[in-house]
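What the coordinates show
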Amino acid sequence: DAGITQSPRHKVTETGTPVTLRCHQTENHRYMYWYRQDPGHGLRLIHYSYGVKDTDKGEVSDGYSVSRSKTEDFLLTLESATSSQTSVYFCAISVGAYEQYFGPGTRLTVT
Amino acid sequence: DQQVKQNSPSLSVQEGRISILNCDYTNSMFDYFLWYKKYPAEGPTFLISISSIKDKNEDGRFTVFLNKSAKHLSLHIVPSQPGDSAVYFCAATTPPQGAQKLVFGQGTRLTINP
């Protein structure tokens, strides 16, 4: 357990509404990541952060934004949710040079 | 373009036998490889890893083999146990430059039959 929590754990929202997912860590790790998991694609990197207010895009960043105002919190925002953003979202932190540890996930359904 | 591929969506193995999960990659810049295990409704958990300077890494019942010339790695689980039933993801990354961007395969669902 790397002290990562995600909220909410489940959410159903309508197309066009904004949605914010929260990742919280308790161990002061510098690097944090947001991935989405979809059948047939494994996990794909959306955005990552390398410090407070320092973020960058990953492989599938279109339609998503992130913010990190405190070391412990990394927020993922869908400005206007679409059905293609129905997915399971995982937050992760870097532990050591290579390994990442993941949170429990948020299942998001956009209707 | 899928840089990391797991071509078997599912695998069924009898309890006590060996499970072999395969993974192929295309990017020759990858220098570190990881395997994650995922149970339903949980996040992936780190299982074992290997650096490109090695061809084998062992941890208990789990062994990962790397064949750089073939750009292929495999995870061996011996003996397989019912608790090993899960989805397994392989992941690859390039030399560390701060944040590590892991590239994942599609996953293989392993079922261990009693």
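Structure's up top.
The following refers to the structure shown. Values in this document were obtained by computation on a predicted structure and should not be read as measured data.

On to the pairing of strand S7 (residues 64-70) of chain A. Residue and element names in this part refer to chain A. In terms of strand pairing, S7 meets strand S8 (residues 73-78) through five bridges, oriented antiparallel. Bridge pairing in S8 links Tyr-64 to Leu-78. What sits between the antiparallel neighbours S7 and S8 is a turn of two residues.

What follows deals with the interface of chain B and chain A. In this complex, chain B contributes 25 residues to the contact, which on the side of chain A involves 20 residues. Where chain B abuts chain A, roughly 1800 Å² becomes buried across the two surfaces, and 61% of that area is made up of carbon and sulfur atoms. Taken together, chain B and chain A are joined by seven residue pairs in polar contact (both at pLDDT 80 or more). Broken down by secondary-structure element, the contributors of at least two residues to the side of chain B that touches chain A are strand S4 (32-38), strand S5 (45-51) and strand S9 (86-93) of chain B. Sorting elements by how many residues they give to the side of chain B that touches chain A places S4(B) first, with four residues. Split by residue class, the side of chain B that touches chain A holds twelve nonpolar, nine polar and four charged.

Attention now moves to unusual backbone geometry. The amide bond that connects Ser7(A) to the next residue, Pro8(A), takes the cis arrangement and shows omega of -10 degrees. Within the secondary structure layout, Pro8(A) lies in the loop between strand S1 (4-7) and strand S2 (10-13). The omega torsion of the bond from Val78(B) to Pro79(B) falls at -15 degrees, within 30 degrees of zero and hence cis. You can see Pro79(B) is positioned in the loop between strand S8 (72-77) and S9. Even without being glycine, Asn28(A) reaches a positive phi, approximately 65 degrees.

Residue and element names in this part refer to chain B. Counted by the stated rule, this structure contains two disulfides over all chains. Disulfide pairing places Cys-23 opposite Cys-90 at an S-S distance of 1.9 Å. In this structure the cystine formed by Cys-23 and Cys-90 twists about its S-S bond by roughly 65 degrees; its chirality is therefore right-handed. Of the two residues, Cys-23 sits in strand S3 (residues 19-25) while Cys-90 sits in strand S9, which places them 67 residues apart along the sequence. The same class applies to Cys-23 as to Cys-90, namely buried.

Turning next to the pattern of salt bridges. Think of it this way: side chains of opposite charge can pair up when their charged atoms draw near. All names here are of chain A. Here the structure, examined in full by the defined rule, presents seven salt bridges over all chains. Salt-bridge contacts for Arg-22 lead to Asp-73; the nearest nitrogen and oxygen are separated by 3.0 Å. Placement of the pair is Arg-22 in strand S3 (residues 19-25) and Asp-73 in strand S8, with a sequence separation of 51 residues. Note that Lys-70 and Asp-73 form a salt bridge whose closest N and O atoms lie 3.3 Å from each other. Under the relative-accessibility criterion, Lys-70 is labelled partly exposed at 40%. Assessed through its relative accessible area of 7%, Asp-73 is described here as buried.

On to the packing of aromatic side chains. For any pair of aromatic rings, the description rests on two quantities: the centre-to-centre distance and the angle between the ring planes. Taken as a whole and assessed by the stated rule, the structure comprises 16 aromatic pairs over all chains. When the centroid spacing of 5.8 Å and the interplanar angle of 50 degrees are considered together, the rings of Tyr36(B) and Phe104(B) count as tilted. Residue Tyr36(B) is located in strand S4, and its partner Phe104(B) is located in strand S10 (residues 103-104); the two are separated by 68 residues in the primary sequence. Look at Phe104(B) and you get buried, because its relative accessible area is 3%. Here the aromatic cluster, defined as three or more aromatic residues joined through ring pairs, consists of Tyr33(A), Tyr35(A), Tyr48(A), Tyr50(A), Tyr101(A), Phe102(A), Tyr36(B), Phe46(B), Phe89(B) and Phe104(B).

Rules behind the numbers
Residues numbered from 1 in each chain as written. Chains lettered and ligands numbered in written order. Predicted model: local features only at pLDDT ≥ 70, side-chain atom pairs only at ≥ 80, totals over all residues. Heavy atoms only, no water. Pairing = 2+ DSSP bridges. Helix = DSSP H or I, 4+ residues; strand = E, 2+ residues; numbered from the N terminus. Contact = heavy atoms within 4.5 Å. Buried area = accessible area lost by both parts, 1.4 Å probe. Polar contact = N/O pair within 3.5 Å; in protein donor to acceptor, adjacent residues only side chain to side chain. Nonpolar A, V, L, I, M, F, W, Y, C, P; charged D, E, K, R; others polar. Disulfide = S-S within 2.5 Å. Buried < 20%, exposed > 50% of the residue type's maximum accessible area, 1.4 Å probe, protein only. Salt bridge = Lys/Arg side-chain N within 4 Å of Asp/Glu carboxyl O. Phe/Tyr/Trp six-rings, centres within 6.5 Å; stacked < 30°, edge-to-face > 60°.

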